[in-house]
Amino acid sequence: MSQHYDLVVRGGRVVTPAGLREADVAIAEGRIAELGTIDPGRAAEVLDATGLTVLPGVIDSQVHFREPGATHKEDLESGTRAAALGGVTSVFEMPNTKPPTTGAEALRDKLDRAAGRAWTDHAFFVGGTAENAAQVAELERLPGCAGIKVFMGSSTGSLLVDADEPLETIARHARRRFAVHAEDEARLRERRDLVAGGADVAQHPVWRDPEAALRATTRITELCRRHGARVQVLHISTAEEMAVLQACKDVATVEVTPQHLTLTAPHCYAEWGTHAQMNPPIRDAAHQAALWRALDRGVVDVVGSDHAPHAASEKDGTYPDTPSGIPGVQTLLPLMLDHVAQGRLSLERLVDLVAAGPARVYNVACKGRIAAGFDADLTLVDLNAEREITRGWLASKADFSPFLGRRVRGWPVATVLRGRVIARDGEVQGQPAGRPVRFLETLGAGAA
Ligand code: DOR
């Protein structure tokens with residue numbers, strides 16, 4: 001008897017590891033079972049993908065949700081709903097919540113809160129600190145942990161590791177790749193007066209200058225070389241860092257954000273004021289061109305959103321008291337598809353950056369490619385749809401975005417998580433049933 005499938009995604013153009021091909025995708029028990037021409041009679045349900053392109057589910061490996069501690073800005077339900085509507089099937093959440101995620105108990109608390117409320121699959125970073133530096137090898141092995149995250153420069157929240165000793169300890173003990181926010185704290189402090197007393201937000205990249213980013217990126221890559229550690233350097237914003245990182249592909253992988261690839265200073269500050277304020281800052285067109293060159297050359301491994309929601313009322317305060325951060329989990333894919341439509345990168349390279357790349361960098365089990373045996377996480381997009389990013393479409397509690405009113409070409413129309421359609425045409429479907437993501441290095445660590 002022929003096999004019975006739970007779902008067949010029929011008639012789409014599919015981005016497979018071998019390239020784009022017309023194929024149906026057959027799904028059984030949450031996994032991809034077969035690719036090719038499938039008899040729809042063998043499926044309990046058929047999802048018509050005619051005219052659509054089927055991508056591996058997008059993995060956003062850098063989001064800040066605010067639960068626990070600041071759920072007026074975002075919680076795990078609203079943040080993952082925004083993700084699902086934006087075509088994202090997995091999120092890795094950062095530890096700078098209140099309290100910060102720095103131990104087993106706080107991680108367990110986040111996993112418990114996500115159960116039955118998260119629309120997407122998820123994992124949580126544990127924040128490295130001076131106190132837990134010697135324990136990172138155990139912490140990073142906890143189920144549901146995406147790895148260790150280190151803030152070398154202070155940003156939103158209290159996490160900071162700027163002294164040599166704890167940084168060295170983390171690099172010596174970490175067995176998995178750890179993620180770093182690379183801005184040099186000493187330099188940020190030295191230059192803080194530049195934005196004292198009512199400075200304009202356009203000074204944000206002057207205060208947090210390219211040198212601050214370069215010093216931290218250089219320091220962390222040298223340290224990783226010394227200790228044989230591996231690092232994912234997050235949200236790279238300068239030409240100079242890309243030159244360093246190109247020479248460090250043995251130890252360092254690289255993330256850029258859609259914000260840094262799309263917005264430019266000084267216009268973004270004139271147009272959006274503090275709504276365009278983030279750390280590291282949006283910089284000028286020359287830096288942005290260098291990010292695109294690095295992306296084109298393959299130096300960049302991942303595009304992550306750095307989704308950083310804040311209440312509009314907080315963002316509308318007076319700089320520099322305004323919080324840094326731009327929401328982006330829902331706009332990541334539309335913005336990047338628009339860059340594809342503009343000819344800035346290929347669709348295959350986009351998939352490499354938002355699915356295969358995060359899976360490779362963090363050693364994710366069974367996600368990131370459309371291949372038999374992998375989780376049936378799929379993002380169906382209409383490459384020709386021209387849409388406007390509107391407030392009504394955005395699900396984040398953060399009621400602002402510097403991308404509001406932007407017209408883009410390319411739009412996510414359906415999101416499939418382990419064989420279930422979780423979002424379609426701007427609405428979530430069913431109940432939140434996201435699960436912890438599994439990682440190759442910790443498969444034996446027990447159920448999350
Ligand atoms: O702009 C930022 N906002 N950069 C960060 O590193 C943290 C983030 C946040 O959590 O708000």
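This write-up is about the structure you can find in this document. (Residues numbered from 1 in each chain as written. Predicted model: local features only at pLDDT ≥ 70, side-chain atom pairs only at ≥ 80, totals over all residues. Heavy atoms only, no water.)

What about the pattern of salt bridges?
Here is step 1: The full count for this structure, using the stated rule, is 29 salt bridges.
Here is step 2: For glutamate 441, the salt bridge is made with arginine 230, and the minimal N-O distance between the two is 3.1 Å. Placement of glutamate 441 in the segment after strand S17 (427-428) and of arginine 230 in the loop between helix H7 (210-227) and strand S11 (231-233) is noted, with a sequence separation of 211 residues between them.
Here is step 3: Classification of arginine 230 by relative accessible area gives partly exposed; the value is 26%. (Salt bridge = Lys/Arg side-chain N within 4 Å of Asp/Glu carboxyl O. Helix = DSSP H or I, 4+ residues; strand = E, 2+ residues; numbered from the N terminus. Buried < 20%, exposed > 50% of the residue type's maximum accessible area, 1.4 Å probe, protein only.)

Quick notes on the packing of aromatic side chains
Here is step 1: In the structure shown here, the tally under the stated rule is four aromatic pairs.
Here is step 2: When the centroid spacing of 5.6 Å and the interplanar angle of 80° are considered together, the rings of phenylalanine 92 and tyrosine 362 count as edge-to-face. Here phenylalanine 92, found in strand S7 (residues 88-93), pairs with tyrosine 362, found in helix H14 (residues 347-362); they are 270 residues apart in sequence, far enough to count as distant. Here the two residues phenylalanine 92 and tyrosine 362 agree in accessibility, since each one is buried.
Here is step 3: Here phenylalanine 125 and tyrosine 362 contribute two aromatic rings whose centre-to-centre distance is 5.6 Å and whose plane-to-plane angle is 75°, an arrangement assigned as edge-to-face. Of the two residues, phenylalanine 125 sits in strand S8 (residues 121-127) while tyrosine 362 sits in helix H14, which places them 237 residues apart along the sequence. (Phe/Tyr/Trp six-rings, centres within 6.5 Å; stacked < 30°, edge-to-face > 60°.)

Observations regarding the sheet that holds S11
Here is step 1: As summarised here, the arrangement of the eight strands in space is S6-S7-S8-S9-S10-S11-S12-S13, forming an open sheet in which the pairing is parallel. Looking along the sheet, the strands with just one partner apiece sit at the ends: strand S6 (58-63) and strand S13 (302-303).
Here is step 2: Summarising the sheet, S11 and strand S12 (residues 252-256) pair through three bridges and their orientation is parallel. Counterpart to glutamine 232 in the pairing with S12 is threonine 253. (Pairing = 2+ DSSP bridges.)

Description of the site of the ligand
Here is step 1: Around the ligand, 13 residues are found, and the nearest of them are Arg66, Asn96, Thr156, Asn279 and Ser324.
Here is step 2: One of the side-chain nitrogen or oxygen atoms of serine 155 is found 3.1 Å away from an oxygen atom of the ligand.
Here is step 3: Between the ligand and serine 324 there is a distance of 3.0 Å, counted from a nitrogen atom to a backbone nitrogen or oxygen.
Here is step 4: In the shell around the ligand, the residues fall into three nonpolar, nine polar and one charged. (Near = heavy atom within 4 Å. Polar contact = N/O pair within 3.5 Å; in protein donor to acceptor, adjacent residues only side chain to side chain. Nonpolar A, V, L, I, M, F, W, Y, C, P; charged D, E, K, R; others polar.)

Comments concerning the packing of helix H13 (residues 332-341) against H14
Here is step 1: Put simply, H13 and H14 touch, their axes get as near as 10 Å, and they point 150° apart. Here H13 lies roughly antiparallel to H14, going by the angle between them. The handedness of the crossing between H13 and H14 comes out as right-handed. Along its contact with H13, which presents Leu332, Leu333, Met336, Leu337 and Val340, the element H14 presents Leu347, Leu350 and Val354.
Here is step 2: Looking at side-chain class alone, the contact of H13 with H14 contains eight nonpolar, no polar and no charged residues. (Axes fitted to C-alpha atoms, helices over the stretch in contact; angles between N-to-C directions. Parallel < 35°, antiparallel > 145°, perpendicular 65-115°, else oblique. Left-handed = near helix turned anticlockwise from the far one by under 90°. Contact = heavy atoms within 4.5 Å.)

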